[in-house]
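Next come the chains, spelled out residue by residue.
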Amino acid sequence: LSSPTMTSFVLLLAFPPSASALLSVKPITSDAGYHSLREATRSTGRIAIVEFSSETCAACKIARPLFERMAAMYDEVEWHEQLYESSTKAHFKSCGIAFLPHVHIIQDGVAIESFSCPPSKLYGRIGSKLHSLVAPLRPHRGWLNGRRWHSWRIGRRLDQE
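Remember, predicted model here, so these are calculated numbers, not experimental data.

1. Some words on the overall build of the chain
Broken down by element type, the chain carries six helices and eight strands. Written out in order from the N terminus, the α and β elements of the chain read α-α-β-α-β-α-β-α-β-β-α-β-β-β. At a minimum sequence separation of 6, the contacts of the chain that also span at least 24 residues come to 66%. On the chain, roughly 9200 Å² of surface is accessible, and the fraction owed to carbon and sulfur atoms is 60%.

2. Thoughts on the packing of helix H4 (residues 58-73) against helix H6 (residues 119-134)
H6 packs onto H4 with a crossing angle of 30° between their chain directions and a minimal axis gap of 9 Å. When the interaxial angle is binned, H4 and H6 end up roughly parallel. Once H4 is placed against H6, the crossing between them reads as right-handed. Contacts between H4 and H6 involve Ala59, Ile62, Ala63, Leu66, Phe67, Met70 and Met73 from the former and Pro119, Leu122, Tyr123, Ile126 and Gly127 from the latter. Looking at the contact of H4 with H6 residue by residue, the class counts come to eleven nonpolar, one polar and no charged.

3. Considering the sheet that holds strand S2 (residues 47-53)
Here five strands make up an open sheet; going across it, the order is S1-S3-S2-S4-S5 and the pairing mixed. Edge strands, defined here as strands with exactly one partner in the open sheet, are strand S1 (25-28) and strand S5 (110-116). Geometrically, the sheet is characterised by an average inter-axis angle of 25° between neighbouring strands, direction not taken into account. One ladder, built from six bridges, connects S2 with strand S3 (residues 78-83); its direction is parallel. Bridge pairing in S3 links Ala48 to Glu78. Running over the sheet, H4 touches S1, S2 and S3 and is turned about 160° from S3. Seen against the sheet, H6 touches S2, S3, strand S4 (102-107) and S5 and runs at an angle of roughly 160° to S5.

4. A short note on the pairing of S3
Taking burial as the measure, the six residues of S3 include five buried ones, the bulk of the element. Taken together, the four bridges between S1 and S3 define a ladder with parallel strand orientation. Of the residues in S3, the one forming a bridge with Ile28 is Gln82. Assessed by its sense of winding, the connection that carries the chain from S2 through H4 to S3 is right-handed.

5. Some points on the packing of aromatic side chains
Evaluated as defined, the whole model comprises four aromatic pairs. Above the face of the Phe115 ring, Arg125 is positioned so that its terminal group lies 4.1 Å from the ring centre.

6. Some details on the nonpolar core
Formed by 19 residues in total, the largest nonpolar core has its most connected members in Ile49, Val77, Trp79, Ile126 and Leu130. Counting residues per element, the ones that place at least two in this core are S2, H4, S4 and H6. If near-sequence neighbours (up to four positions away) are discounted, Trp79 is found in contact with Ser24, Val25, Lys26, Ile49, Phe67, Met70, Ala71, Tyr74, Ile126 and Leu130.

Thresholds applied
- Residues numbered from 1 in each chain as written.
- Predicted model: local features only at pLDDT ≥ 70, side-chain atom pairs only at ≥ 80, totals over all residues.
- Heavy atoms only, no water.
- Helix = DSSP H or I, 4+ residues; strand = E, 2+ residues; numbered from the N terminus.
- Contact = heavy atoms within 4.5 Å.
- Areas by Shrake-Rupley, 256 points an atom, 1.4 Å probe, with all protein chains shown as cover.
- Axes fitted to C-alpha atoms, helices over the stretch in contact; angles between N-to-C directions.
- Parallel < 35°, antiparallel > 145°, perpendicular 65-115°, else oblique.
- Left-handed = near helix turned anticlockwise from the far one by under 90°.
- Nonpolar A, V, L, I, M, F, W, Y, C, P; charged D, E, K, R; others polar.
- Pairing = 2+ DSSP bridges.
- Buried < 20%, exposed > 50% of the residue type's maximum accessible area, 1.4 Å probe, protein only.
- Right-handed = clockwise from strand over helix to strand, strands pointing away.
- Phe/Tyr/Trp six-rings, centres within 6.5 Å; stacked < 30°, edge-to-face > 60°.
- Lys NZ or Arg CZ within 6 Å of the ring centre and 35° of its normal.
- Core = buried A, V, L, I, M, F, W, Y, C linked by side-chain atoms within 4.5 Å.

Written out as structure tokens, the structure is:
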């Protein structure tokens, strides 16, 4: 009764990406744009995440809304996407990309994390790495109903104190 296509369609209806999320993922349109992004993270010290994908890749189409939702959650990070169609095959090989979707987490001009994974694991892989990178940058967000509220965790976990 339930197919993978139907499941992803239901997920998109249940959790549509917001308009701010669509604006927060910036496209990289050339190979030089990727290298200038790495230089920019070296000079500014910011963290950037680049998703390498393709318009014809089914897994990339499923991962796109998840990536946009994470972009809306982590505004301290620069979010970018580079399409296979707007790049050269040599550039993707030089970046060590064999499968799509592929993600690079860049800090200080270096790709500190580089992985390919199915869309079902994308949220957890990026979230676990961002937790360690972004949590020290975020101030404590306060209290909610007598419990400490940590918004830097995926799912907004409430901790008892």
